[in-house]
Amino acid sequence: QIGDCELAVPPPLQPALVPIGYGLGDEEDQESLGHLRWMLQKFALGQDLFLLGGPGPRRRRLALHICELAGLEVEYVRVTRDTTEADLKQRRDIVGGTATWTDQAPVRAALHGRVLILDGMEKAERNVLPTLNNLLENREMSLDDGRFLVSPARYDALRPTLSESSLSSSRLARVHPSFRVIALGLPVPRYPGFPLDPPLRSRFQGRDIGPLPADGVVAALGADVVAAVGWPRLQGLLQAAEAIRMLEETEAKLSGLHLSDSTLLHVARTLALFPAASIGNLLRRHYPYHLQLP
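Thresholds applied
Residues numbered from 1 in each chain as written. Predicted model: local features only at pLDDT ≥ 70, side-chain atom pairs only at ≥ 80, totals over all residues. Heavy atoms only, no water. Phe/Tyr/Trp six-rings, centres within 6.5 Å; stacked < 30°, edge-to-face > 60°. Helix = DSSP H or I, 4+ residues; strand = E, 2+ residues; numbered from the N terminus. Axes fitted to C-alpha atoms, helices over the stretch in contact; angles between N-to-C directions. Parallel < 35°, antiparallel > 145°, perpendicular 65-115°, else oblique. Left-handed = near helix turned anticlockwise from the far one by under 90°. Contact = heavy atoms within 4.5 Å. Nonpolar A, V, L, I, M, F, W, Y, C, P; charged D, E, K, R; others polar.

Novice: Teacher, can you tell me more about the packing of aromatic side chains here?
Specialist: The relative placement of two aromatic rings is captured by the distance of their centres and the angle of their planes. Scanning the entire structure with this criterion turns up 1 aromatic pair. A centroid spacing of 5.5 Å and a plane angle of 80 degrees characterise the contact between Phe-50 and Phe-204, whose relative ring orientation is edge-to-face. Linking Phe-50 in strand β1 (residues 48-52) with Phe-204 in strand β10 (residues 204-208), this pair joins segments that are 154 residues apart in sequence.

Take a look at the structure:
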């Protein structure tokens, strides 16, 4: 439960697939709690999610955090230019001297009711992701081993009319009703990559994930680091980060000038270890922004 939003989740069958350690507990900032509440609400409505934002790990951390809070099992796919249809459906493997089909992460997530995280959607070739289009829209997909994934509503409607032997011989596989998809990507064309096709884009409920606010940075650092750095110097670091981000937003040719939350936190933690260091020098060491300037 987050605020007034609740989701009933059964105990995980494989606890090893549930993420651990991606939240900040009671120190979570209000903006992140708002994102988590929205994601939980979409899960309860049975909708798939698309988290958009600048480069950095925040979108992935929020996706794993909501699964950690709800105790949901996760299947993760890192989408690259080399991702093929076989990586999203089934792959031919040799097991015990025999060639067999092995289910990949999207198929395993659909059959076992897990959350499928697709990270890096902007890097996928245009002919790859449509493989998942029917799975996202109708919860159906044909597999290379002859099975056919069927939505739970349609499968349950066939049960009264067909015997168990007929269902087994037809090789229909029931998609678990708890199956959900969280896609992570960068906004294109602001950043380089391939834009999603409109039919595929319409399958998701989107949300923009911006950089951490000041209170979120303070919460992520913890009281010990904030005390070691000192509030005046930490405030100066936050103002410098905000200036870099404003420059990125106002100058289209500087779209690559992105200061991620993880870089900002690394600078602050280094500043706590070396209080006499210059903020400007530490920023250039962790993030050589001057190389992006014309």
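Past the structure itself, the notes keep going.
Novice: Is there a simple way to explain the packing of helix α11 (residues 231-250) against helix α12 (residues 261-273) in this structure?
Specialist: Relative orientation and spacing of two packed helices are given, respectively, by the angle between their axes and the distance between those axes. Running from amino to carboxyl end, α11 crosses α12 at an angle of 155 degrees, the nearest separation of the two axes being 11 Å. One element, α11, and the other, α12, form an angle in the roughly antiparallel class. With respect to the hand of their crossing, α11 and α12 are arranged in right-handed fashion. Contacts between α11 and α12 pair Arg-233, Leu-234, Leu-237, Leu-238, Ala-241 and Arg-245 from the former with Asp-261, Leu-264, Val-267, Ala-268 and Leu-271 from the latter. Per-class residue counts for the contact of α11 with α12 are 8 nonpolar, no polar and 3 charged.

Novice: Would you explain the packing of helix α1 (residues 30-44) against helix α2 (residues 58-70) in this entry?
Specialist: Between α1 and α2, the least distance of the axes is 10 Å, while the angle of their chain directions is 60 degrees. Here α1 lies oblique to α2, going by the angle between them. The hand of the α1/α2 crossing is right-handed. Contact residues: Glu-31, Ser-32, His-35, Leu-36, Met-39, Leu-40 and Phe-43 in α1; Arg-58, Arg-61, Leu-62, Ala-63, His-65, Ile-66 and Leu-69 in α2. Tallied by class, residues from the contact of α1 with α2 come to 8 nonpolar, 3 polar and 3 charged.

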